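Close look at the chain arrangement
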Amino acid sequence: MNHTKEIHMNSIPWREAFKEFKGNEPGASLAGSRHKEGLTQVQLSELTGIPQRHISEMERGKRPIGKRNARLFSKALKVDYRMFL
């Protein structure tokens, strides 16, 4: 890939590039961050104390993440907690 094209691709905000996540950006960020760290929902549950069922619901946009959980995820996944809000 040439450098010019690479810069152009990297300049597109991810929310515009992945319209299928519209309305569930926090859940998509949670799932992506978890996958990046190579963790299952069960493993993330064990690290955070948040039930696996709740993590699944948060990733699917069926349950809000909230600031308290965002901070727990942040520590476990080594990212800024605001990604999940």
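Let us look at the structure shown here. All values reported here derive from a predicted model rather than from experimental measurement. (Residues numbered from 1 in each chain as written. Predicted model: local features only at pLDDT ≥ 70, side-chain atom pairs only at ≥ 80, totals over all residues. Heavy atoms only, no water.)

Quick look at the side chain of Arg34
In this structure, Arg34 sits in helix α3 (residues 25–36). Looking at Arg34, the relative accessible area reads 7%, which means it is buried. (Helix = DSSP H or I, 4+ residues; strand = E, 2+ residues; numbered from the N terminus. Buried < 20%, exposed > 50% of the residue type's maximum accessible area, 1.4 Å probe, protein only.)

Describing unusual backbone geometry
Positive phi is not limited to glycine here, since Lys78 has a value of about 60 degrees. Here Lys78 is to be found in the segment after α6 (66–77).

Looking at the packing of aromatic side chains
Per the stated rule, a full pass over the model turns up 1 aromatic pair. A ring pair is formed by Phe73 and Phe84, whose centres lie 6.0 Å apart and whose planes are at 75 degrees; its orientation type is edge-to-face. Taken together, the residues span a long stretch of sequence, with Phe73 in helix α6 and Phe84 in the segment after α6 at a distance of 11 residues. The exposure class of Phe84 is buried, given its relative accessible area of 1%. (Phe/Tyr/Trp six-rings, centres within 6.5 Å; stacked < 30°, edge-to-face > 60°.)

Considerations on the nonpolar core
Side chains of nonpolar character tend, in soluble globular proteins, to be buried together. Grouped together as the largest cluster of nonpolar side chains are 13 residues, with contacts concentrated most on Leu30, Leu44, Ile65, Phe73, Leu77 and Phe84. Listing elements by their share of this core, those giving two or more residues are α5 (52–59) and α6. The leading source of residues in this core is α6, at 4 residues. If sequence neighbours within four positions are ignored, Phe84 has contacts with Pro26, Ser29, Leu30, Ser33, Ile65, Ala70, Phe73, Ser74, Leu77 and Val79. (Core = buried A, V, L, I, M, F, W, Y, C linked by side-chain atoms within 4.5 Å. Contact = heavy atoms within 4.5 Å.)

Some remarks on the packing of α3 against α5
Closest axis-to-axis distance for the α3/α5 pair is 7 Å, and the angle between their directions is 120 degrees. With respect to each other, α3 and α5 are oriented oblique. Seen from α3, the contacting residues are Gly27, Ala28, Leu30, Ala31 and Arg34; seen from α5, they are Ile55, Met58 and Glu59. Here the contact of α3 with α5 is composed, by residue class, of 5 nonpolar, 1 polar and 2 charged. (Axes fitted to C-alpha atoms, helices over the stretch in contact; angles between N-to-C directions. Parallel < 35°, antiparallel > 145°, perpendicular 65-115°, else oblique. Nonpolar A, V, L, I, M, F, W, Y, C, P; charged D, E, K, R; others polar.)

Quick notes on the pattern of salt bridges
Inspection of the entire model under this criterion finds 5 salt bridges. For the salt bridge of Glu59 with Arg34, the shortest nitrogen-to-oxygen distance reads 2.6 Å. Residue Glu59 is located in helix α5, and its partner Arg34 is located in helix α3; the two are separated by 25 residues in the primary sequence. The exposure class of Glu59 is buried, given its relative accessible area of 12%. As a salt-bridge pair, Lys78 and Glu37 come within 3.3 Å of each other at their nearest N and O atoms. Taken together, the positions of Lys78 in the segment after α6 and Glu37 in the loop between α3 and α4 (41–48) put the pair 41 residues apart, joining distant regions of the chain. Using a relative accessible area of 62% as the deciding quantity, one classes Lys78 as exposed. On the basis of relative accessibility, which here comes to 28%, the residue Glu37 falls in the partly exposed class. Residues joined in a network through salt bridges with shared partners are Lys36, Glu37 and Lys78. (Salt bridge = Lys/Arg side-chain N within 4 Å of Asp/Glu carboxyl O.)

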